[in-house]
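Residue-level listing of the chains:
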Amino acid sequence: MNKELKEKAVKKALSVRENAYAPYSNFKVGAAIVTKSGKIYTGCNVENSSYGATVCAERIALFSAVADGEKEFEAIVIASDLNGEAAYPCGLCRQVIGDFSRDIIVILLNSTTLKIEKEIPFEEIFPHAFDF
């Protein structure tokens, strides 16, 4: 992915994080997923009083892309407000991402510096995704 597209995705993840609906955890997350065609889709976490109905930012971004016909992904940027650390996707999000792209790059932002802390191949953080 080129530098300009990566910077744009980082800005979008940070921006959409502010739209998160997190009245229960106060933990806001924004995600921007970059398709292989160069489009960027965003999502933020949306909590619900029935915790199981909560949807993570990563899945919302990915589902938005799929709803628009995109199914091939290059990278996903995750921006949280986790006390100065980068937040990894949860197990459920990892499995959903893995169903679409095992070669995607996961880009984690440091919540204090707002800069890229890690760029990790997906297989490194979820080496044994469920598969058919």
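Preceding this paragraph is the structure being described.
Every residue gets a number counted from 1 within its own chain, in the order that chain's sequence is written. Local features in this predicted model are restricted to residues of pLDDT 70 or higher, and side-chain atom pairs are both shown and tallied only at a pLDDT of 80 or more, whereas totals for entire chains, interfaces and linings draw on every residue. The side-chain numbers reported here are obtained from all heavy atoms of the structure, hydrogens and water having been left aside.

(A) How the structure looks around the overall build of the chain. Secondary structure follows DSSP: runs of H or I at least 4 residues long count as helices, runs of E at least 2 residues long count as strands, and numbering of each begins at the N terminus. Looking only at helices and strands, the chain has four helices and five strands in total. If you list the helices and strands of the chain from N to C, you get α-β-β-α-β-α-β-β-α. Relative to the globule expectation of 14 Å for 132 residues, the C-alpha radius of gyration of the chain, 14 Å, shows essentially globular dimensions. Overall, the C-alpha framework of the chain stretches about 35 × 35 × 30 Å when taken along its three principal axes. Counting only residues that meet the buried cut, the chain has 45% of its 132 residues in that class. The contacts of the chain with a sequence gap of at least 6 include a subset with a gap of at least 24, amounting to 61%. Surface accessibility of the chain: about 7,000 Å² in total, with carbon and sulfur atoms responsible for 52%. The reference for a compact globule is 2.2 Å times residues^0.38; the radius of gyration itself is calculated from the C-alpha atoms. Any residue under 20% of the maximum accessible area for its type is buried, any over 50% is exposed, and the rest in between are partly exposed; the area is computed with a 1.4 Å probe on protein chains only. The contact criterion used throughout is that any non-hydrogen atoms of two residues lie within 4.5 Å. For the area figures, the Shrake-Rupley method with a 1.4 Å probe applies, and any residue is considered shielded solely by the protein chains shown.

(B) The arrangement of the side chain of S111 in detail. Structurally, the position occupied by S111 is in the loop between strand 4 (105-109) and strand 5 (116-121). What makes S111 buried here is its relative accessible area of 14%. Here G84 takes part through its backbone nitrogen, which lies 2.8 Å from a polar atom of the side chain of S111. Here a polar contact is taken to be a pair of N or O atoms separated by no more than 3.5 Å, where protein atoms must pair a possible hydrogen donor with a possible acceptor and residues adjacent in sequence count only if both atoms sit in side chains.

(C) A look at helix 2 (residues 57-67). Residues of helix 2 that are buried: A57, E58, R59, A61, L62 and A65. Of the residues one or two after helix 2, G69 is the one with positive phi, at around 95°.

(D) Fine view of the pairing of strand 2 (residues 40-44). For strand 2, the buried fraction is high: four of the five residues fall into the buried class. The pairing criterion is simple: DSSP has to find at least two bridges between the two strands. Strand direction decides the pairing type here: strand 1 (residues 29-35) and strand 2, joined by five bridges, are antiparallel. Looking at the pairing, V34 lines up with I40 of strand 2. Two successive antiparallel strands, strand 1 and strand 2, enclose a turn made up of four residues, where G38 displays a positive phi of approximately 95°.

(E) Local environment of unusual backbone geometry. Of note, the phi angle at N26 is positive, near 55°, even though the residue is not glycine. Tracing the backbone through its elements, the reader meets N26 in the loop between helix 1 (3-17) and strand 1. On the basis of relative accessible area, N26 is assigned to the exposed category, the value being 59%. Not every positive phi belongs to a glycine, and N83 is a case in point at roughly 35°. Turning to its location among the elements, N83 is positioned in the loop between strand 3 (73-80) and helix 3 (91-100).

(F) Region of interest: the nonpolar core. I33, I76, I104, V106 and F122 are the most contacted members of the largest nonpolar core, which totals 22 residues. Those elements giving two or more residues to this core turn out to be strand 1, helix 2, strand 3, helix 3, strand 4 and helix 4 (122-125). Looking at this core, the element that brings in the most residues is helix 2, giving four residues. Dropping the residues within four chain positions of it, I33 is found in contact with K39, I40, Y41, A61, L62, A65, F73, A75, I76 and I104. Note on terminology: a nonpolar core comprises buried Ala, Val, Leu, Ile, Met, Phe, Trp, Tyr and Cys residues joined through side-chain atoms within 4.5 Å. Ranked by size, the runner-up nonpolar core spans 13 residues in total, among them V10, A75, V77 and L109.

(G) Representation of the packing of aromatic side chains in the model. Between 30 and 60 degrees the pair is tilted, below 30 it is stacked and above 60 it is edge-to-face, where a pair is any two Phe, Tyr or Trp rings, Trp via its six-membered ring, whose centres lie within 6.5 Å. Under the criterion given, the structure shown has three aromatic pairs. Where Y24 meets Y51, the ring centres are 6.0 Å apart and the plane angle is 90°; that geometry is what we call edge-to-face. Pair noted here: Y24 is in the loop between helix 1 and strand 1 and Y51 is in the loop between strand 2 and helix 2, with a separation of 27 residues, a long-range link.

All quantities given are derived from atomic positions and should not be read as evidence of function.
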